[in-house]
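Structural features, examined
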Amino acid sequence: MSPRRIVIRNHSAEANLFARRTFIAFSGVVLVLLILFANVYTLQVESFEKYQTRSNSNRIKLLPVAPNRGLIYDRHGVLLADNKPVYSLEVIAEDVDDLKASIAQVSKLLNISADRQSKFFKLMKRKRRFKPVELHSRLSDQQVALFSVNQHKYPGIYVNARLKRYYPFSDLTTHNLGYVARINRKDANKLERAGKAENYAATYGIGKLGIEKYYEDMLHGTIGHQEVEVNNQGRVIRTLNYTPPVPGKDLTLTLDIELQMIAKRALSGKRGAIVAMDPRTGGILAMYSNPSYDGNLFVHGISTKNYKKLLESKDLPLINRSVQSGYPPASTVKPFLALTGLEENVITPKTEVYDPGWYQLKGLPNKYRDWLPWGHGKVNLTKAIEQSCNIYFYDLAFKLGITKISNMMERFGFGDYTGLDIYEENKAIMPSVAWKRARYNQSWYTGETLSVGIGQSFWTVTPLQLTQALTTLVNKGERKIPHLLKAKSELIIESSGNAYHQITPIEYEPRAPLKLRDDNNWDIVLNAMHNTVQKFGATAHKPFKGSTYDASGKTGSAQVARRKQGEKYDAKTTSENKRDNAMFIAFAPFDKPEIVIAVAIENVAKGGGATNAAPVARQIMDQYFGDRVITSKKRNVKPKTATVIAATPQEAG
Amino acid sequence: MRSTGQEQQKVHSIWQRLHIDVPLLLGILALLALGLFLVYSAGGQETAIVYLKARSIGVALLGMFIVAQIPPLVYRKWAVPVFVLGLLMLISVLLFGHVGKGAQRWLDLGFMKFQPSEIMKLIVPIMIAWFVSQENLPVKISTVILAFILVLLPTLLIAKQPDLGTSLLIASSGIFVIFLAGASWKLIGVCLGLASAFVPILWMFLMKGYQKQRVLTFLNPEQDPLGSGYHIIQSKIAIGSGGIEGKGWLQGTQSQLEFLPERHTDFIFSVFSEEFGLIGVAALLAIYLFVVMRGLWIAVNAQHAFTKLLAGSLTLTFFVYVFVNIGMVSGLLPVVGVPLPLVSFGGTSMVTLMAGFGILMAISTHRRFHV
């Protein structure tokens, strides 16, 4: 540009050049400032909402607050499922001066194992210093007291209380209530699928069985939220908003815990089950399966050892026999079969059968035995029920055929779910031609029909099904839905601040009634059951001697293992698990029944339904009726025919 | 009227005698005061950090005042030996320097730790201004090439420490001198070409892993939002959520709840934007523009080529701080450690900057005595 001619500086030219360049630079500065400003404008104006949202989601967190689970009461208001505080010892490292020394001292004071301590330090490493870490998850009351006295010495260490489920009656109610236990992965997935996961964000446990499972939604309640501001470490700075959780509904059951206790006592040392129901409503008064187990064990997570013990026990305590075990009903179903005979017109109340002690089908060699070796002689319907005569019912079953039997029995609810409000129910088996074809791909044999006639063969029932069928019988066809839930109670908080519990009884729609051709048929059969208990010499007379509430019933002894033709049964020589089961059904009072009961006892050492199962039913009824004295208007309907054979010392079937 | 004029003249001359340029001082004080308020907000509302900041402001103002008393042409005399001394110190930093925060920047003199790269921010423009003002302007190509080499030496030495931010500022200060000295546009074009050709070399041989990561993060911060992208994402959230009016002083949730990293140092602009919004940003940029304008006015009115070039370079370098800092926290540039000048907490860079302003004031006020 400038040739090297003058050495003298041209100041004004330099100044001009410099001014030009400065101006260019200044323009650059302005341009850059505009770019910077435009960029900030984009962030603060164009994308303001996006960044505001992100800023809020940085700082505002929703902490879920678990609702209190609804309580469960028996029909008289006795608490069956409680929420009890469980105390844990927690440490906030940040607030502890000398962590190692403090932990060592507290551990010594409360006798906390070295194992727990090392677990604590391991947990500690993964947690922020201002977050609580558990040193002990379940302190005893004594430990809580001991620590409370010394708490001032240990800043940063404190006792925290959490509500956990507690069943004060332990194994007495487990089969009915089920239990609450930790939500496992399967439960979590299920909740996720049902869209309920959010509601369970702070919840520890979920109903696993029984009422706790069936009414989970009612019991759980609705989650609350604490809206908090947190810093970048997640430390809560302040609470912005609080939505309290809605506690779950309290449930009142139809159970009577006192009857339940009697049932347990009556069954102690035996394997078996009792179901007692109010036939007027279908409400279960008592339902107990022995042996049972303590549901509280599962609330805190059962130890492998304890669980193995329950699983491997020969007595199968985990099985709820009342609804899960299918027992051969044996003679307890004879009243239902008699009713079927009358209804199908194959017999009349006067029809007589001669019982020589055995029954034989024409052209077949097999002899079907009565339980009384020399037979009952001439037997009509009433006597057949009173004495539990097998021959009469072999003959009746033969006349009816399997199809008529199973059709009628299905109307009584055998072979199907009763609809009780727990999920553990078993359908058991009401055999039919189609059932056998489907199950074994075999045709039906007439011999099997005869066995069905005395409640054997493939036929199995749950004690609950028996109770339900008997309810329909005593109600003369009016059918009830068996249920445990009587009422629910909800905490209502009015806008004025008033709070009260609103109790709503649960209404159960009655099922379509079972209609008979002739309503007299109900009375014939019910009278026979009445006689069975009330008449001297009838099979269930002895166990109810002296009772004041006018009970009726029917015994049964079920053969568990198949026996060869002519083989003699002797309980003493038969291995324990092949011994007969004792069955019994009963209701009282005769006129307006208030309670129906079914009892099943497995593998009894001696005797049958009358000596083993009937006394159990009596104990419950004694408790239920107390001092009440009830007599029926039409006592002892006398059979028109019939010579009554004196009761033998031998036990009826 | 006349008497007032005389009085004004008198007042003016008092500042003149003190070698203080009043408009420049006002701009600087505004930024320093803002810095105090912001450091209080960003530093967890603790007064201790405000005292520290106030103390370093005091030291820096004193430094500026002292430097302002030195006639600018003194620097011209001492340019070469000081520059050589500076280079020697940079070399000794690399050889025996004190390592801190993964970089070797400090020289331990026994009684104090000293960061030679800071003083080079002043020495380099002085040296280059001296070098190019030896001849008549505009500069010749050969001079430009030699000047470039002179700039490159300290730049590379500092980049090696590694201190990318400082080496960038030093390179700019030298380049601004060359630009203002009238280097031909053709040459500038060639240089830009060479510089862009230099980028791959820089990437492959000079940049450390973490520096490369910063650039990658800059290109896509969301790929690692909790790791390397965290700073820039949180910074953008802070700025963006401030909106037009801001959340109010001490009310910025991003800064008060500590989501924003390096709040009182490099990312103080984000705190400011969050709490004072777009209105505040406009005001802050206006103050910076005012300071730059005043600096350039001083440069244009300087009496000598050397002082013109030096004043211009110091002013524009000051602006580079502004640009790089705001650019990086708002996501326009990769994150390099450059503070927001005069506002960020951090004594060393402020003392250097204020010394630079001292030189500007000297140039502004001494000119009448050196024609």
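Quick caveat, the model's predicted, so the values are computed rather than measured.

Basis of the calculations
- Residues numbered from 1 in each chain as written.
- Chains lettered and ligands numbered in written order.
- Predicted model: local features only at pLDDT ≥ 70, side-chain atom pairs only at ≥ 80, totals over all residues.
- pLDDT = per-residue confidence, 0-100.
- Contact = placed C-beta atoms within 7 Å.
- Axes fitted to C-alpha atoms, helices over the stretch in contact; angles between N-to-C directions.
- Helix = DSSP H or I, 4+ residues; strand = E, 2+ residues; numbered from the N terminus.
- Parallel < 35°, antiparallel > 145°, perpendicular 65-115°, else oblique.
- Nonpolar A, V, L, I, M, F, W, Y, C, P; charged D, E, K, R; others polar.
- Domains from an automatic or database assignment.
- Expected span 1.5 Å × (residues − 1).
- Buried ≥ 20, exposed ≤ 12 C-beta atoms within 10 Å, placed from the backbone.
- Core = buried A, V, L, I, M, F, W, Y, C linked by C-beta atoms within 7 Å.
- Pairing = 2+ DSSP bridges.

A short note on the confidence of the model for chain A
All names here are of chain A. Per-residue confidence for chain A averages 88 on the pLDDT scale, and 95% of its residues sit at or above 70. Here residues 1-6 is modelled with pLDDT under 50, and outside its nearest four sequence neighbours on either side it reaches four contacts, counting other chains as well. Here residues 635-653 is modelled with pLDDT under 50, and outside its nearest four sequence neighbours on either side it reaches 38 contacts, counting other chains as well.

Quick look at the packing of helix H5 (residues 116-132) of chain B against helix H6 (residues 141-159) of chain B
Residue and element names in this part refer to chain B. Packing of H5 against H6 brings their axes to within 10 Å, and their N-to-C directions diverge by 175°. Between H5 and H6, the angle falls in the class roughly antiparallel. For the pair H5 and H6, the contacting residues are Ser 117, Met 120, Val 124, Met 127, Ile 128, Phe 131 and Val 132 in the first and Thr 143, Ala 147, Leu 150, Val 151, Pro 154 and Ile 158 in the second. Tallied by class, residues from the contact of H5 with H6 come to eleven nonpolar, two polar and no charged.

Digging into the domain arrangement of chain A
All names here are of chain A. The domains assigned to chain A are domain 1 (63-253) and domain 2 (265-311 + 321-479 + 514-625). Taking only C-alpha atoms into account, the centre of domain 1 sits 47 Å from that of domain 2. Counting only elements with at least two residues in the side of domain 1 that touches domain 2, the list comes to strand S5 (157-166), helix H6 (174-177), strand S6 (180-182) and helix H8 (210-214). The residue makeup of the side of domain 1 that touches domain 2, split by class, is nine nonpolar, seven polar and seven charged.

Some remarks on helix H7 (residues 164-180) of chain B
Residues and elements named next belong to chain B. Here H7 contains 17 residues, and its C-alpha end-to-end distance of 24 Å stays within 8% of the 24 Å for a straight helix at 1.5 Å per residue. Within H7, 16 of the 17 residues are buried, which leaves it mostly tucked inside the rest of the structure. Once H7 finishes, Gly 182 follows within two positions and takes phi at roughly 90°, a positive value.

A word on the domain arrangement of chain B
All names here are of chain B. What the domain assignment lists for chain B is domain 1 (21-69 + 225-371) and domain 2 (76-207). The distance between the C-alpha centroids of domain 1 and domain 2 comes to 22 Å. Facing 20 residues of domain 1, the contacting portion of domain 2 comprises 22 residues. Sorting the residues of the side of domain 1 that touches domain 2 by element identifies helix H13 (305-329) and helix H14 (347-366) as the ones contributing at least two each. Considering each element in turn, the side of domain 1 that touches domain 2 owes the most residues, twelve residues, to H13.

A closer look at the nonpolar core
With 120 residues, the main nonpolar core has Ile 274, Ile 597, Val 599 and Ile 620 of chain A as its most contacted residues. By residue number, the principal contributor to this core is helix H16 (residues 390-411) of chain A, which donates ten residues. Among the domains, domain 1 (63-253) and domain 2 (265-311 + 321-479 + 514-625) of chain A are the pair contributing at least three residues each to this core. Sequence-distant contacts of Val 599 of chain A, defined by excluding residues within four places in its chain, comprise Gly 272, Ile 274, Met 583, Phe 584, Ala 613, Val 616 and Ala 617 of chain A. Core analysis: the next-biggest nonpolar cluster, separate from the first, contains 114 residues, Met 89, Ile 175, Ala 183 and Val 271 of chain B among them.

Description of the pairing of strand S9 (residues 236-243) of chain A
Two faces make up the sheet, and in a regular strand the side chains alternate between them. Residue and element names in this part refer to chain A. Among the eight residues in S9, zero count as buried, and that is only a small part of the element. Bridge count between strand S8 (residues 224-230) and S9: six bridges; the pairing is antiparallel. Among the inter-strand pairings, Glu 227 is bridged to a residue of S9, identified as Asn 241. Between the antiparallel neighbours S8 and S9 lie five residues, among them Gly 234 with a positive phi of about 90°.

Digging into the sheet that holds strand S20 (residues 581-588) of chain A
Sheet strands line up and pair through hydrogen bonds in the backbone, either parallel or antiparallel. Residue and element names in this part refer to chain A. Spatial ordering of the open sheet is given by S12-S11-S21-S20-S19, a layout of five strands whose pairing is antiparallel. Since the sheet does not close on itself, it has two edges, and those belong to strand S12 (283-290) and strand S19 (552-558), each with one partner. Across this sheet, the average inter-strand angle for adjacent strands is 5°, counted without regard to direction. Note that S20 and strand S21 (residues 595-601) share seven bridges and pair antiparallel. Its bridge partner being in S21, Phe 587 is matched across the sheet by Val 596.

Side note on the sheet that holds S8 of chain A
All names here are of chain A. Here three strands make up an open sheet; going across it, the order is S1-S8-S9 and the pairing antiparallel. Here the strands that pair on one side only, and so sit at the sheet edges, are strand S1 (60-65) and S9. Going from strand to strand, the sheet's axes swing by 30° on average, the running direction of each strand aside. Strand direction decides the pairing type here: S1 and S8, joined by six bridges, are antiparallel. From the neighbouring strand, Ile 60 faces S8, where its bridge partner is Glu 229.

Some details on the interface of chain B and chain A
Across the contact, 41 residues belong to chain B and 35 residues belong to chain A. Every element with two or more residues in the side of chain B that touches chain A is listed here: H7, helix H10 (230-242), helix H11 (253-256), helix H12 (268-301) and H13 of chain B. With eleven residues, H12 of chain B is the single largest residue contributor to the side of chain B that touches chain A. Looking at the side of chain B that touches chain A residue by residue, the classes come out as 24 nonpolar, 14 polar and three charged.

A few points about unusual backbone geometry
Residues and elements named next belong to chain A. Between Asn 290 and Pro 291 the backbone carries a cis peptide bond, its omega angle lying at -5°. Relative to the helices and strands, Pro 291 resides in the loop between S12 and helix H11 (296-299). Put simply, Ala 588 and Pro 589 share a cis peptide bond, and its omega is -15°. By the secondary structure assignment, Pro 589 is in the loop between S20 and S21. Although it is not a glycine, Ser 170 adopts a positive phi angle of roughly 50°.

Some remarks on the packing of helix H1 (residues 11-46) of chain A against H10 of chain B
Contact geometry for H1 of chain A and H10 of chain B: axes closest at 6 Å, N-to-C directions at 70°. Taken as axis vectors, H1 of chain A and H10 of chain B run roughly perpendicular relative to one another. Contacts between H1 of chain A and H10 of chain B involve Val 40, Leu 43 and Gln 44 of chain A on the former and, on the latter, Lys 236, Ile 239, Gly 240 and Gly 242 of chain B. Residues that form the contact of H1 of chain A with H10 of chain B fall into these classes: three nonpolar, three polar and one charged.

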